[in-house]
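Chain and residue survey
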Amino acid sequence: ISMRPKEKEFGKFTFNVMITGDWACFTNQTFKTERVSYDIPTPCGLVGVLEHVIWKHPVIYRIKKIAVCNPVQFMNVKKNGVLKKGSLEKITNEMNGKESCVCITNNMRLQRNTRYLYDVKYIVQVEATIVDRKCDRDKADGVDVFAKWQEMILHNFKNKIYRRFPYLGISDCLANITYVPNFDEAVKQHMSEEMKGVYIDYGTMRYKVEYRNEDYPDNKDWEHPKFEQDSDTAFYHAVMENGIIDVEKSVKEEGVYRVERSL
């Protein structure tokens, strides 16, 4: 999520969290059939984790740095699924006697492989920007909008108050989030010796996903947007140096690359 036209910025602040989990899967979109994870987390995937703690209209998260503390390890898991799934339309039609929505799984069995990351630990430096979005009541009451949201965000992360339980990439991979006061000290304490000194150029990776509305790319009508289900993906150049991916530096130096679908 980025700032919209004519939005005022009240301020920004930086905080750090440590995210751990038994499993993670940050899906690489270049694999169409099998679900295959990137080697490292994507910035938009980590923003999704943060939004499970607190998500409100005035708050915009940006990932500045990602420290990969544990060695990158993969495990392949084969799952049994079905070719089709139930829908509200089919259930409604069956209730009205128009068609049957019975799903006989033996006739529609599908097996898919998923490549997970396992035993993951990341230390993430986050920049939270507070913007003038749905803040009319607070401004009318004379509330310090920036101070209000800064206190609320830090309170929720420090006390592990979740909006819904966070997960790493897909809902199978539950995550644990811990607030850390200092990024460099946390990296020294938690990063394994194997990751220190590691340099890997991961090339182009997904940075964020943007959903279109009818005025895209101008985004004129933000009060009554009509979003399409399709989306455009932005990519950035991910480089790990000493176990740390400096997302902010890469985006500033090289920018992001948007891949748009055909109109």
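The structure displayed is predicted, hence computed values, not measured ones.

**Remarks on the packing of aromatic side chains**
- Scanning all chains against the criterion turns up nine aromatic pairs.
- Joined through ring pairs, the aromatic side chains of Phe13, Phe15, Tyr61, Phe146 and Phe157 make up one cluster.
- When the ring centre of Phe74 is taken as reference, the NZ or CZ atom of Arg115 above it lies at 3.8 Å.

**Considering the pairing of strand 5 (residues 109–131)**
- In terms of strand pairing, strand 1 (residues 9–24) meets strand 5 through 14 bridges, oriented antiparallel. Residue pairing in the sheet places Ala24 in a bridge with Leu117 of strand 5.
- By the bridge criterion, two bridges tie strand 2 (residues 35–36) to strand 5 in an arrangement that is parallel. Within strand 5, the position partnered with Arg35 by the bridge is Thr114.
- Two strands pair when backbone bridges link them, and strand 3 (residues 59–68) and strand 5 are joined in this way by nine bridges, in the antiparallel orientation. For Val68, the partnering residue across the bridge sits in strand 5 and is Tyr122.
- Judged from the nine bridges that link them, strand 4 (residues 74–82) and strand 5 form a sheet pairing that is antiparallel. Residue pairing across strands places Val77 opposite Thr114, the latter belonging to strand 5.

**Overview of the environment of Gln29**
- Topologically, Gln29 is positioned in the loop between strand 1 and strand 2.
- In the structure, Gln29 is positioned 176 residues away from Met205 in sequence and 9.7 Å away in space, judged by C-alpha atoms.
- Ignoring sequence-local partners within four residues, the contact set of Gln29 consists of Tyr38, Arg206 and Phe235.

**Some thoughts on helix 1 (residues 43–51)**
- With seven of nine residues buried, helix 1 lies mostly within the body of the structure.
- Where helix 1 is concerned, the buried positions are Pro43, Gly45, Leu46, Val47, Val49, Leu50 and Glu51.

**Remarks on the state of the cysteines**
- Applying the stated criterion across every chain yields a total of zero disulfides.
- Not engaged in a disulfide, the cysteine Cys25 finds its nearest cysteine sulfur in Cys173; these two sulfurs lie 6.0 Å apart.
- Judged by its relative accessible area of 0%, Cys25 falls in the buried class.

**Digging into the pattern of salt bridges**
- Under the criterion given, the structure shown has nine salt bridges.
- Note that Lys139 and Asp132 form a salt bridge whose closest N and O atoms lie 2.8 Å from each other.
- According to the relative accessible area criterion, Lys139 is partly exposed, its value standing at 39%.
- For Asp132, a relative accessible area of 22% gives the class partly exposed.
- Notably, a salt bridge pairs Glu193 with Lys196, separated by 3.3 Å at the nearest N-O pair.
- Judged by relative accessible area, Glu193 falls into the exposed class, the value being 62%.
- Residues participating in the shared-partner salt-bridge network are Glu9, Lys12 and Glu127.

**Some words on the side chain of Asn28**
- If you trace the backbone, Asn28 turns up in the loop between strand 1 and strand 2.
- Judged by relative accessible area, which is 12%, Asn28 ranks as buried.
- Those residues in contact with Asn28, other than ones at most four positions away along the chain, are Val36 and Tyr38.

**Let's talk about unusual backbone geometry**
- With a phi angle near 55°, Lys160 is a residue other than glycine that sits in the positive phi range.
- Mapped onto the elements, Lys160 comes out in the loop between helix 4 (145–158) and strand 6 (176–180).
- The phi dihedral of Asn242 falls on the positive side, at around 55°, and the residue is not glycine.
- Position of Asn242 among the secondary structure elements: in the loop between strand 8 (227–241) and strand 9 (244–246).

What counts, and at which threshold
- Residues numbered from 1 in each chain as written.
- Predicted model: local features only at pLDDT ≥ 70, side-chain atom pairs only at ≥ 80, totals over all residues.
- Heavy atoms only, no water.
- Phe/Tyr/Trp six-rings, centres within 6.5 Å; stacked < 30°, edge-to-face > 60°.
- Lys NZ or Arg CZ within 6 Å of the ring centre and 35° of its normal.
- Pairing = 2+ DSSP bridges.
- Helix = DSSP H or I, 4+ residues; strand = E, 2+ residues; numbered from the N terminus.
- Contact = heavy atoms within 4.5 Å.
- Buried < 20%, exposed > 50% of the residue type's maximum accessible area, 1.4 Å probe, protein only.
- Disulfide = S-S within 2.5 Å.
- Salt bridge = Lys/Arg side-chain N within 4 Å of Asp/Glu carboxyl O.

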